[in-house]
Every structure is written in C-alpha cells, then in structure tokens.
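A closer look at the structure
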Amino acid sequence: MLETICDIMVDAYKRNWITSRDGNVSIRHHDRDHFYITPSGVRKQTLQPDQFKKIKIVSSLMWREEFYSDISSNLKPSGELPLHFGLQKNMGQHSNDVRVVVHVHPTYCIAAMHAGIDLSTISNAFPELNRYTRVAPNVGDVPPISQELADQCHKMLQLDNYGNIAYDIVGIKGHGVVAIDTSPWRAYEHIERLEHICKIVLASGNYK
Ligand SMILES: [Zn+2]
C-alpha cells in the first residue's frame, strides 16, 4: 500500500491539493506495533516507498524511529507526526483492518473555511456527501506541525482512548484537512467528496 500512497500524493499534487513538499500520510496494519509515515520535506511527485519512515509505537505516549531502508535513514518523519501518532497508536473501529491517515491542503475546503463555513454544517444539504462521509466541526487557527494541531484534530474527530473516531474527515482553518479510512483511496475519496461540495457551495454564493 505504500506505492498506493505515493500514487495518491502524485494525484493530490496534480489537483493542486498540495504544493511539492506539502502533505503527509501514515498507514498501520492492525497486527503490527508500528506504522509508516511519509518523510518530511520530500517532493511528493517523486515520493518512493523506500523513503517512508517506520515508527514503532512504544507506548501510548512514546514512539521511536526504526530502521526501514538506507534511503529513509537519512530522512526525518513528517512534522505532523504527533497528529498521525495519536490516530495510529490505537485503531478503534479499524482494529481488524488497516488505518490510513491523509493530510493535504485542498483548495475549496480551505476557501470554504476561510469564508467562515463550518464544514460540518454543509453536509446536511448534500446526500452525496453525507451518505459516505462524516464531516467533523472545523479546527480553528492552530500552528502547523504543532502538538496543538494534533490535539485539536483529535478532539474534533472525537478520538477516544481506544482509537475510535466519530468522523471521517476534519478541516483545519487556514490550513487543510485530515481524512481517515481503511485504504489510501478510501481516505482520499472523503477529501474528494468534501472538496467537490465545497466548490459547489462557494460557486452558489448561498452561504454566510
Ligand atoms: Zn499541512
């Protein structure tokens, strides 16, 4: 699945959902005590599976980098590691499966939040969104790559001690979105659906 993650990041780049070095993804299999995360500062158009960082879950408060490949040994994990660690240390409803966490910067989701729209409120009017994707209330202004960003995202997703989450996607004002599901493309589809509806809402001008 690391190759699939590379594919979705190339696709996200082509859609202008990230600039070259933005965005990050993590993936954990339920029967492993580690997860993989994209490295920091690498161009996502040329992301390769052997560049991923392997992160061992030592305890609910601690992680440790482990050797995965010679290439990745020279790289650092994404600065959003606290966000991913919190969502990967316990897998909640994905405990018998795989959990993938995708963070990108989709244009219309960010524009909608900038226009004052709480993304959780727009899904009611759009069945194609709310049938498949549960949208959390927005996270407000928080600094990127901070523990505060991680904590606020976890809070809005209603992450509990077992790793259960009440939503599939959350927006961070002035920044981006975080989507979670059992495969890279499934997480990606939550973003795609929300982005499409945000584009429609903004085009309609029917919001305040
Ligand atoms: Zn970001």
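Presented here is an overview of the structure given in this document.

Now for the overall build of the chain. Summing up its helical and strand segments, the chain has 8 helices and 7 strands in all. C-alpha atoms of the chain, sized along the principal axes, occupy 50 × 35 × 30 Å. A buried classification covers 50% of the 208 residues belonging to the chain. Across the chain, contacts joining residues at least 24 apart in sequence account for 61% of those joining residues at least 6 apart. Accessible surface, the chain: about 9800 Å² in total, of which carbon and sulfur atoms supply 48%.

A few words on the coordination of the zinc ion. His103 (NE2), His105 (NE2) and His175 (NE2) make up the full set of protein donors to the zinc ion, lying at 2.0 to 2.1 Å. Within one chain, the residues serving as donors to the zinc ion are arranged as H-x1-H-x69-H. Pair noted here: His103 is in strand 5 (residues 98–104) and His175 is in the loop between strand 6 (169–172) and strand 7 (176–181), with a separation of 72 residues, a long-range link. Like His175, His103 is buried.

Read across the open sheet, the 7 strands follow the order 4-3-2-1-5-7-6; overall the sheet is antiparallel. In this open sheet, the two strands that pair with only one neighbour each are strand 4 (63–66) and strand 6. Between one strand and the next, the sheet's axes are offset by a mean angle of 20°, whatever the strand orientation. With 4 bridges connecting them, strand 3 (residues 53–57) and strand 4 associate as antiparallel partners. What sits directly across from Ile55, in strand 4, is Glu65.

Quick notes on the rules
- Residues numbered from 1 in each chain as written.
- Predicted model: local features only at pLDDT ≥ 70, side-chain atom pairs only at ≥ 80, totals over all residues.
- Heavy atoms only, no water.
- Helix = DSSP H or I, 4+ residues; strand = E, 2+ residues; numbered from the N terminus.
- Buried < 20%, exposed > 50% of the residue type's maximum accessible area, 1.4 Å probe, protein only.
- Contact = heavy atoms within 4.5 Å.
- Areas by Shrake-Rupley, 256 points an atom, 1.4 Å probe, with all protein chains shown as cover.
- Donors = N, O, S within 2.8 Å, 3.2 Å for Na, K, Ca; no water.
- Pairing = 2+ DSSP bridges.
- Axes fitted to C-alpha atoms, helices over the stretch in contact; angles between N-to-C directions.

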